Amino acid sequence: MKNEFLCVVCPNGCLIDAEFTEGKPPKLIAFEGHKCQRGEVWIRQEIENPMRTFSSNVLVENGNCITASVRTTKPVPLARVMDIMDEIRKLYPKAPLHVGDVLLNNPAGTDTSIIVTREVEQTR
């Protein structure tokens, strides 16, 4: 299979043409169009084991806001994002919450944590 990818790791924004197998996992066969070493590393990861950092929100108990934004501290395998979201949906932390508070470690067996990214004060 062949496809074109826009590299996102540096300001060059190279268009990389990649050829890869369609297996589980796919395997990179050949690529061209990258202008730096980071593009080579990125396209291999994007084809063989895509990773993502993502944000979401959780409902908050007794807070001055109904929700608090959260995010992963490290990139996680794209294939595990929905499993992690299932665990995030079960969270219902009590206010107060502070930026950087860890709400969940190793969701879905991944090497990341879910942290708060918004201050939420407690209501009385």
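Quick notes on the rules
Residues numbered from 1 in each chain as written. Predicted model: local features only at pLDDT ≥ 70, side-chain atom pairs only at ≥ 80, totals over all residues. Heavy atoms only, no water. Buried < 20%, exposed > 50% of the residue type's maximum accessible area, 1.4 Å probe, protein only. Helix = DSSP H or I, 4+ residues; strand = E, 2+ residues; numbered from the N terminus. Pairing = 2+ DSSP bridges. Axes fitted to C-alpha atoms, helices over the stretch in contact; angles between N-to-C directions. Contact = heavy atoms within 4.5 Å. Salt bridge = Lys/Arg side-chain N within 4 Å of Asp/Glu carboxyl O.

Draft legend 1. Geometry of the pairing of strand S6 (residues 67-72). Here S6 shows a clear split, with Ala68, Val70 and Thr72 buried on one side and none of Thr67, Ser69 and Arg71 buried on the other. As paired strands, strand S5 (residues 55-59) and S6 are joined by five bridges and run antiparallel to one another. Bridge assignment links Val58 to a residue of S6, and that residue is Ala68. As paired elements, S6 and strand S9 (residues 113-116) share three bridges and run antiparallel to each other. Bridging from a neighbouring strand, Thr72 pairs with Ile114 of S9.

Draft legend 2. Main features of the sheet that holds S6. What the four strands build is an open sheet, ordered S5-S6-S9-S8; its pairing is antiparallel. Across the chains shown, the open sheet's two edge strands, defined by having one partner strand only, are S5 and strand S8 (102-105). When strand polarity is set aside, the average angle formed by the axes of neighbouring strands in this sheet is 30 degrees. Sheet strands touched by helix H2 (residues 81-89): S5, S6, S8 and S9. Its angle to S5, the strand with the most contacts, is close to 25 degrees.

Draft legend 3. Representation of the pattern of salt bridges. Tallied over the full model, the rule gives six salt bridges. When the shortest N-O distance is used, the salt bridge between Arg52 and Glu46 registers 2.8 Å. Its relative accessible area of 17% is what places Glu46 among the buried residues. Across the pair Arg80 and Asp83 runs a salt bridge, and its minimum N-O distance is 3.0 Å. A relative accessible area of 31% places Arg80 in the partly exposed class. Using a relative accessible area of 33% as the deciding quantity, one classes Asp83 as partly exposed.

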